[in-house]
Amino acid sequence: MIVRTRFAPSPTGFLHIGGARTALFSWAFAKKHKGDFILRIEDTDVARSTPEAVQAILDGMHWLGLDYDEGPFYQMQRMDRYKEVIQKMLDEGNAYYCYCSREELDALRENQMQQGVKPRYDGRWRPETGKVLPQPPQDVSPVIRFRNPQSGNVVWNDLVKGEISIANQELDDLIIARGDGTPTYNFCVVVDDWEMGITQVIRGDDHVNNTPRQINMLMALGATIPQYAHLSMILGDDGQKLSKRHGAVSVMQYHEDGYLPEAVLNYLARLGWSHGDDEIFSMQQFCEWFDLDHITPSAAQFNTEKLNWINAHYIKQASAESLAADITQRLVKLGANVSEQPNLLAVINLYKERVSTLNELATNIAYFYQKPVMDAAAAEKHLTNDIKPVIAALAELLKAADWQAESIHHAINEVVTQRQLKFPKVAMPLRVMLTGIAQSPSIDQVMALLGKDEVLARIEQVLK
RNA sequence: GUCCCCAUCGUCUAGAGGCCUAGGACACCUCCCUUUCACGGAGGCGACCGGGGUUCGAAUCCCCGUGGGGACGCCA
């Protein structure tokens, strides 16, 4: 049987890191088995769903390169079909009308909570043989409930968590259609997973408790039960739950912060899944290796430090050419004027092994394209009066120098030898004058790229 | 409260009863490289939640406890 997986977000916000990992695992599972990956937008909560959120999810998936074979399907466009199935369930006695008002239900729930029992519908409108139902009130438009079995257990072998068993007694008759006739989440999922032929449902483990209900409905409909794999959640850097209020960020924020999609993907792949000691691997490799057996059932804490390390790796590995367009944008954002010279590719190559994000890269090389911002502490420490004559002498030598890193190095060495100094004694003030800070790659290479005129101008600026 | 799930270094994890003196990675520390800072290289620190079983033998299986999380909506 062909594998068919799906990612089914509700468009109430951006694609966050947890959703991205769920999508990644579903996607990889389909790829691994040469199956289909389906995108389904669960937008039945009209009040909270927005087109902007749909777009944000699409953007996030596109940035990560998580392409889908089918969809996006929108549940709001499948209303007719849901209503047909509801009618079928009504006809077959698997569903029934319930005329309880919200107030009535609230009171029931509160009462049960107080008594310390699990709040659930008491079945007062559930038809039973020999039972006399109350007279339907005129002013209530009824909801439709699924007639859940009352005995036995629902058992499934979760592909991540192992066997899970829940007693039907713990379940109640859930609402599958609202008073206005629109179907609810648990029902739409059932119809869609069934009719879209989903073979493995890979989703967050906040859905574990929905699974027995869904299985019961699937069985009532005579549908094939898919396999389920419930992924545990991702905690924030601080070990706290990620929520809209606390720490949850869009995957697009990682783009903005200068992370490469391949780094985010690689990091996410290793969060909760492993393949021996392998840490760095391509998505192609991941799709070959991926399986559900090596997913941890426990929650994982997000670790930005490690993401940074992986990102640094991918930046190092990337060609300057592939980074140039992105870096240009970031430089412009920093207010730098990216001109022909110094050559951006050469500058990127000089710096890409030293940074862990693209923002860091852009920030670090900005001084090539705009006047350096002088770090006060560095200036005070290195731009001492006794060194200024030395630099002035060097400037004279440089004026005549052939502008190559090697000849620049020679010029500096000449001054260093003449004055009987250590190399850093000259290199450090130079570094601060030219870059504004006390850290940079080899100063001769920096100077070579910066250009003779600019170097002399910057030295002059400080000396005068 | 009720039900469900989870539990190995600070963090991500390896581990399917003997290969475990518990392995790798990030972080941290030391040293090396060096023109500063990084990068890189070599070392180091550091964990099986507790208690009972089962077994010749348990990080691995079972039970209890503890701790954490999730679910209990006319949200998804």
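Parameters at a glance
Residues numbered from 1 in each chain as written. Chains lettered and ligands numbered in written order. Predicted model: local features only at pLDDT ≥ 70, side-chain atom pairs only at ≥ 80, totals over all residues. Heavy atoms only, no water. UniProt positions renumbered as here; feature names shortened; annotations may be inferred. Domains from an automatic or database assignment. Buried area = accessible area lost by both parts, 1.4 Å probe. Salt bridge = Lys/Arg side-chain N within 4 Å of Asp/Glu carboxyl O. Helix = DSSP H or I, 4+ residues; strand = E, 2+ residues; numbered from the N terminus. Nonpolar A, V, L, I, M, F, W, Y, C, P; charged D, E, K, R; others polar. Expected span 1.5 Å × (residues − 1). Buried < 20%, exposed > 50% of the residue type's maximum accessible area, 1.4 Å probe, protein only. Contact = heavy atoms within 4.5 Å. Near = heavy atom within 4 Å. Polar contact = N/O pair within 3.5 Å; in protein donor to acceptor, adjacent residues only side chain to side chain.

For chain A, an unreviewed UniProt entry supplies the name glutamate--tRNA ligase and the organism mine drainage metagenome. Its UniProt record, at the heading Sequence similarities (unreviewed entry), says of chain A: "Belongs to the class-I aminoacyl-tRNA synthetase family. Glutamate--tRNA ligase type 1 subfamily." The annotation that UniProt attaches to chain A under Subunit (unreviewed entry) is "Monomer."

Asks: Mind laying out the domain arrangement of chain A, listing which residues take part and the relevant values?
Replies: Domain annotation of chain A identifies domain 1 (1-91 + 154-160 + 181-317), domain 2 (92-153 + 161-177), domain 3 (323-365) and domain 4 (376-463). For the pair domain 1 and domain 3, the two sides together bury roughly 900 Å², of which 53% comes from carbon and sulfur. Looking at the side of domain 1 facing domain 3, the largest losses of area belong to Gly258, Ile315 and Lys316, adding up to 52% of the total buried there. On the surface where domain 1 and domain 3 come into contact, there are 0 salt bridges. Elements that contribute at least two residues to the side of domain 1 that touches domain 3 include exactly helix H7 (251-256) and helix H10 (304-317). Sort the elements by how many residues they give to the side of domain 1 that touches domain 3 and H10 lands first, with 5 residues. The residue makeup of the side of domain 1 that touches domain 3, split by class, is 4 nonpolar, 4 polar and 3 charged.

Asks: Break down helix H2 (residues 51-64) for me, citing the residues and quoting the values.
Replies: Because each turn of an α-helix spans 3.6 residues, side chains separated by three or four positions end up pointing in the same direction. Taking 1.5 Å per residue, 14 residues should reach 20 Å; H2 reaches 20 Å between its end C-alpha atoms and fits that length. Residues of H2 that are buried: Ala53, Val54, Ile57, Leu58, Gly60, Met61, Trp63 and Leu64. Along its buried surface, H2 packs onto strand E1 (4-7), helix H1 (17-32), strand E2 (36-41), strand E3 (70-74), H7 and helix H8 (261-269). Where H2 ends, the next residue or the one after it, glycine 65, has phi of about 80°, a positive value.

Asks: So what about the protein's contact with RNA strand B? Which residues, and what values?
Replies: The local shell around RNA strand B holds 64 residues, among which Asp45, Gly116, Arg178, Arg354 and Ser440 are the closest. Sugar plus phosphate, as a fraction of atoms of RNA strand B within 4 Å of the protein: 69%. At 3.0 Å from a base oxygen of RNA strand B is found a main-chain nitrogen or oxygen belonging to glycine 179. At 2.9 Å from a sugar or linking oxygen of RNA strand B is found a side-chain nitrogen or oxygen belonging to lysine 316. Elements supplying a minimum of two residues to the surface near RNA strand B: helix H4 (102-114), strand E7 (162-167), helix H5 (185-195), strand E12 (300-301), H10, helix H17 (423-435) and helix H18 (443-450).

Asks: Could you give an account of the pattern of salt bridges, naming the residues involved and the relevant values?
Replies: Once their charged atoms are close, side chains differing in charge can pair, the charge on each being opposite to the other. If you walk through the whole model with that rule in mind, you get 28 salt bridges. The partner of aspartate 36 in a salt bridge is arginine 4, with the nearest N and O atoms 3.1 Å apart. Taken together, the residues aspartate 36 in strand E2 and arginine 4 in strand E1 connect sequence positions 32 residues apart. On the accessibility criterion, arginine 4 (14% relative accessible area) is buried.

Asks: Can you lay out the side chain of aspartate 192 for me, pointing to particular residues and giving the numbers?
Replies: Turning to its location among the elements, aspartate 192 is positioned in helix H5. You can call aspartate 192 buried: its relative accessible area is 0%. Excluding its chain neighbours within four sequence positions, the residues that come into contact with aspartate 192 are Arg40, Gln75, Arg78, Tyr82 and Gly197.

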